[in-house]
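If you want the building blocks of each chain, they are given just below.
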Amino acid sequence: MSSSIPPESESSQGGPGPHGQPPRPPVTSDELLPPVEPPSARFIIQLFVIPALIVAVVVLIWFGIESLARSGEQDPDAIVAALRSSNQARFQQAKELADMLRLPERYPELKTNQELAQKLAAYLDEMIEAGSTAEAEVTMRIFLVTALGEFHVDDGLPVLIKAAQSDPERDVRRRAINAIAVLMDGLAEKKQTATRDELVAALLELADDQDELIRSETAFALGVVAASSADNAELIAKLQELADDPYTDARFNAAVGLARAGAPGAARAVAEMLDPESIAASVSGEKPLTEQVTDEQLAGQKAFKRNTIINSALTAIDRLLENPDTPRGEFAVLQTALETFIKAAPAMKEPAPVPGELVEAAERTLEKVKQRAAK
């Protein structure tokens, strides 16, 4: 394709013309460019205004589609109908609902949607009554109890209590108890109340369950409920009882609960969470979640649990430090526990070395405990 600018030949620069004609004068740069004129109003409209209008229309259409999509995604009847279907798509719907519940910024109305909570609760109640042990049905019940715990309305609480007490599957019962704790913590954060009499009675009963894992989950839930209520003497008494439970994890969860509630005797219970032998006893009970779990994965699972125990103990101590009513004498117990842990940490190499940042966090906590004990 030829250029609109003549090549820099002799004829363009004043040399002899073709066929012996006299030479043309040199062509200036101004003559090579089109004349400059001010843009017309029509040109400006075409260049700026019309594209801006197009973009605005596209954005409005997108928001309209997004709004319709959200309203459809949050339709209680549509959601529950999808969960009740007999094909694998029901689990995709379950995943999508779980994702939506974890995004309150994007779906702010979902966590307070009473109609949806009621319909999910009704479906879960039917499934508990059916009591199927089929893997797909158990998985769906686990999903439903977990989802109901994420709401900020208590419409699902009665069926969560029923699942915790009556479901034939241990994993469903455990998840239901954990969901109760999550639900009650969320309601307390939003300054909302829930019917407590039935809940307290159920938790006190579950705290005496023969299944050690049920007792452990219940200890955690008791701590959450006790911390959100001024009338918690009965719950505190049960937590103090669980702090001497034969199952290590139940004792640890009770210790965290006592610290959360600022209860007397919490320091002694929390101190055990930093005892190397007690930590090892808890970690040794960790089992593969499935047959496909490798030895390496199990080691990682155990290391994660050990680190979680240590971190939870440090968080519990921070709660006691923040509580002005914690007796000064209790910090002497915590000081000894922290010093023992820090000294033993370098030798705690199984299933993996204790992370340096955890040891450093323990050292910082120790300094704060010393300062508080000296006051």
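For the structure, see preceding data.
First, a word on what this report is: a plain description of the structure on this page.

About the thresholds
Residues numbered from 1 in each chain as written. Predicted model: local features only at pLDDT ≥ 70, side-chain atom pairs only at ≥ 80, totals over all residues. Heavy atoms only, no water. Helix = DSSP H or I, 4+ residues; strand = E, 2+ residues; numbered from the N terminus. Expected span 1.5 Å × (residues − 1). Buried < 20%, exposed > 50% of the residue type's maximum accessible area, 1.4 Å probe, protein only. Contact = heavy atoms within 4.5 Å. Core = buried A, V, L, I, M, F, W, Y, C linked by side-chain atoms within 4.5 Å. Salt bridge = Lys/Arg side-chain N within 4 Å of Asp/Glu carboxyl O. Axes fitted to C-alpha atoms, helices over the stretch in contact; angles between N-to-C directions. Parallel < 35°, antiparallel > 145°, perpendicular 65-115°, else oblique. Nonpolar A, V, L, I, M, F, W, Y, C, P; charged D, E, K, R; others polar.

### Thoughts on helix α6 (residues 135-149)
Taking 1.5 Å per residue as the helical rise, α6 with its 15 residues ought to reach 21 Å, and the 22 Å between its terminal C-alpha atoms agrees with that figure. For α6, the set of buried residues is Val-138, Met-140, Arg-141, Ile-142, Phe-143, Leu-144, Val-145, Ala-147, Leu-148 and Gly-149. Packing partners of the buried residues in α6 comprise α3 (76-84), α4 (89-101), α5 (114-130), α7 (157-166) and α8 (170-189).

### Some thoughts on the nonpolar core
Core analysis: the largest hydrophobic core is formed by 101 residues, its most contacted members being Leu-83, Leu-120, Phe-143, Leu-144, Leu-148 and Phe-341. Among the elements that line this core, the one with the most residues is α8, at nine residues. Discounting residues that sit within four places of it in the chain, Leu-144 has contacts with Leu-83, Leu-120, Tyr-123, Leu-124 and Met-127.

### Digging into the pattern of salt bridges
Any two side chains of opposite charge can pair, so long as their charged atoms come close to each other. Following the criterion strictly, the structure yields 22 salt bridges and no others. As a salt-bridge pair, Asp-167 and Arg-141 come within 2.7 Å of each other at their nearest N and O atoms. One end of the pair, Asp-167, is in the loop between α7 and α8; the other, Arg-141, is in helix α6, and 26 residues separate them in sequence. One network of salt bridges, in which partners are shared, links Lys-95, Asp-99 and Arg-102.

### Section: the environment of Ala-266
For Ala-266, the position within the fold is in helix α13 (residues 266-272). Judged by its relative accessible area of 0%, Ala-266 is buried. Counting along the chain gives ten residues from Ala-266 to Val-256, while the straight-line C-alpha distance between them is 7.9 Å. Non-local contacts of Ala-266, meaning those with residues more than four positions away in its chain, are made with Leu-258, Ala-259, Leu-320 and Glu-330.

### Looking at unusual backbone geometry
Note the cis peptide between Glu-350 and Pro-351, where omega equals 0 degrees. Looking at the element boundaries, Pro-351 is found in the loop between α16 (330-344) and α17 (356-374).

### Quick look at the environment of Ala-136
Tracing the backbone through its elements, the reader meets Ala-136 in helix α6. Taking the C-alpha atoms as reference, Ala-136 lies 9.1 Å from Phe-91; in sequence the two are 45 residues apart.

### Concerning the packing of helix α10 (residues 212-227) against helix α12 (residues 248-261)
Where α10 meets α12, the axes come as close as 8 Å, and the angle between the chain directions of the two elements is 0 degrees. With respect to each other, α10 and α12 are oriented roughly parallel. For the pair formed by α10 and α12, the contact residues are Arg-215, Ser-216, Glu-217, Ala-219, Phe-220, Gly-223, Val-224, Ala-226 and Ala-227 on the first element and Asp-249, Ala-250, Asn-253, Ala-254, Gly-257, Arg-260 and Ala-261 on the second. Residue classes in the contact of α10 with α12 are distributed as eight nonpolar, four polar and four charged.

Note that all results are geometric; they support no functional claim without further evidence.
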